[in-house]
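Commentary on secondary and tertiary structure
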Amino acid sequence: MSAMLSGVTVLELGQVIAGTYGGVILADMGADVIKIEPLRGDAARNPSIAPLDGESSIHLFMNRGKRSVALDLKSPEGLAIFYELVEQADVVIDNFRPGVMRRLGIDHDSLKRRNPAIITAAVTGFGEYGPAKDRAAFDLVVQAYSGHLDITGDPDGPPSRVGIPLADIAGGLFACISVLGALCGRQLHGTGQHADVAMLDSLVSMLSYDALDHLNSGRTVTRQGTAHAHMVPWQAFTVADGYVVIASREEKFWQRLCDAIGRPDLKDDPRTADNRSRVANRDFVVPVLEEAFAQRTRDEWMAVLDEYDIPAAPVNDLAEVFSDPQVEARGLVRTYDHPVLGPIRHPASPMQYDGWTFPNLPAPMLGQHTAAVLRERLGYDEQRIARLAADGLIAVWAPDGGS
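Remember, it's a predicted structure, so these values are computed and weren't measured experimentally.

The rules we used
Residues numbered from 1 in each chain as written. Predicted model: local features only at pLDDT ≥ 70, side-chain atom pairs only at ≥ 80, totals over all residues. Heavy atoms only, no water. Pairing = 2+ DSSP bridges. Helix = DSSP H or I, 4+ residues; strand = E, 2+ residues; numbered from the N terminus. Contact = heavy atoms within 4.5 Å. Axes fitted to C-alpha atoms, helices over the stretch in contact; angles between N-to-C directions. Buried < 20%, exposed > 50% of the residue type's maximum accessible area, 1.4 Å probe, protein only. Right-handed = clockwise from strand over helix to strand, strands pointing away. Salt bridge = Lys/Arg side-chain N within 4 Å of Asp/Glu carboxyl O. Polar contact = N/O pair within 3.5 Å; in protein donor to acceptor, adjacent residues only side chain to side chain. Core = buried A, V, L, I, M, F, W, Y, C linked by side-chain atoms within 4.5 Å.

1. Brief notes about the sheet that holds strand β8 (residues 193–198)
- Across the sheet, which stays open at both edges, the 7 strands sit in the order β8-β7-β6-β1-β2-β5-β14 with mixed pairing between neighbours. If you trace the sheet from one side to the other, it starts and ends with β8 and β14 (394–395), each paired once.
- In this sheet, β14 lies alongside strand β5 (residues 67–71) in antiparallel orientation, the contact comprising 2 bridges. Its bridge partner being in β14, A70 is matched across the sheet by A395.
- Seen against the sheet, helix α16 (residues 370–378) touches β1 (9–12), β2 (32–37), β5 and β14 and runs at an angle of roughly 90° to β5.

2. A few points about the pairing of β1
- Of the two faces of β1, the one holding T9 and L11 and the one holding V10 and E12 are both buried throughout.
- Taken together, the 4 bridges between β1 and β2 define a ladder with parallel strand orientation. The residue bridging T9 from the neighbouring strand is D32, located in β2.
- Crossover β1 to β2 through helix α1 (residues 21–28) is right-handed.
- The sheet contact formed by β1 and strand β6 (residues 91–94) spans 3 bridges and is parallel. Bridge pairing in β6 links L11 to V92.

3. Points about the pattern of salt bridges
- Counted according to the given criterion, the structure contains 24 salt bridges.
- Here R256 and D309 are joined by a salt bridge, their closest N and O atoms 3.4 Å apart. One end of the pair, R256, is in helix α10 (residues 251–260); the other, D309, is in the loop between α13 (298–307) and β11 (312–314), with 53 residues separating them in the sequence.
- By relative accessible area, R256 is classed as partly exposed at 26%.

4. Some points on the environment of E128
- Among the secondary structure elements, E128 is positioned in the loop between β7 (119–124) and α6 (139–145).
- Distance in space between the C-alpha atoms of E128 and V197 is 8.3 Å, their sequence separation being 69 residues.
- Of note is the side chain of E128, whose polar atom sits 3.1 Å from the side chain of H194.

5. Some points on the nonpolar core
- By size, the foremost hydrophobic cluster in this structure holds 39 residues, and its most contacted members are V10, Y21, L26, A31, V91, I93 and V179.
- Of all the secondary-structure elements, those providing two or more residues to this core are α1, α2 (57–62), β6, β7, α7 (166–189), β8 and α8 (199–206).
- The biggest single contributor to this core is α7, with 9 residues.
- Apart from the residues within four sequence positions on either side, Y21 is in contact with F61, M62, I169, G172 and L173.

Encoded structure:
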């Protein structure tokens, strides 16, 4: 069978991560994601950020599977080309600041006059309304504003950034969900839709049950490092050559852990007999476990913990992640052929469906598909395409460096 979203056309104006991550998920599912880039290219192409052989790793991951059309949207003729593409598209995604799309004449109200069924999704830092809507937003700013930095890090240390660009990725993820919901809604109800996706909203939502508890009890959430405020043991422990994590959420796992570390007496000790007691006596429980875990290596402990069927894992670095037999068995690394760099390995989509194919196309060169899209979708001939390129309204990439 073909890819699940074959036949869906997405015009992506988004840049860097927040405006592109949703598109790469849609491309993985088979949508034709046409990346409309300024003539200078998506800012994610900046090779000084996450550089890899003269390209940016951000671009090589976030734009894989998409087609690149380099177009000057600030010119009347460039804008007219975009309108023509919108008339046969399903979705437009952007991550400009609020108001920019309206000033360009490509906001949802403007586009739906040309295509009443169009779905638009705007990813911004703080949303399209509210007193903070015009604030500049990068991932770190939103992680801080949303409270995530305050609850991340060691208890006695400063706030910590989550190791990945969580706000950017969350914004892109919820943009994808919004698009999929709107596609279903259009199928059911026959109308297009605009989605206002804020990175702030995404991270506040992801505070989940901790936020619910705070809103209803007034309790604060404090930094715990790898530990858990409500469960013991639930954290990383130092072993002879690294770290392992233990997540003994249920009492049966605690009972097994007592046997695994050779301390069956802890099963009945009133300080450790149940989770409530262990949380209250964390200062007793954790040092006991720390002393036990320090005696063996990571592999030795994992063999013991697996034998007792205790939820645990080694703290892997990336080299260990991508050589792990489970990661390999799940096919979580794929390779595409970049038009200049050759084979590029990347993390695969986590989505797996029986009977559906997942395209695996490279990140494009700037303007690599401009001519093809204008020919195939709008019927432009080579003479017209050459004139547009000569007038600086489009950019066309060619393998030989010409246009």
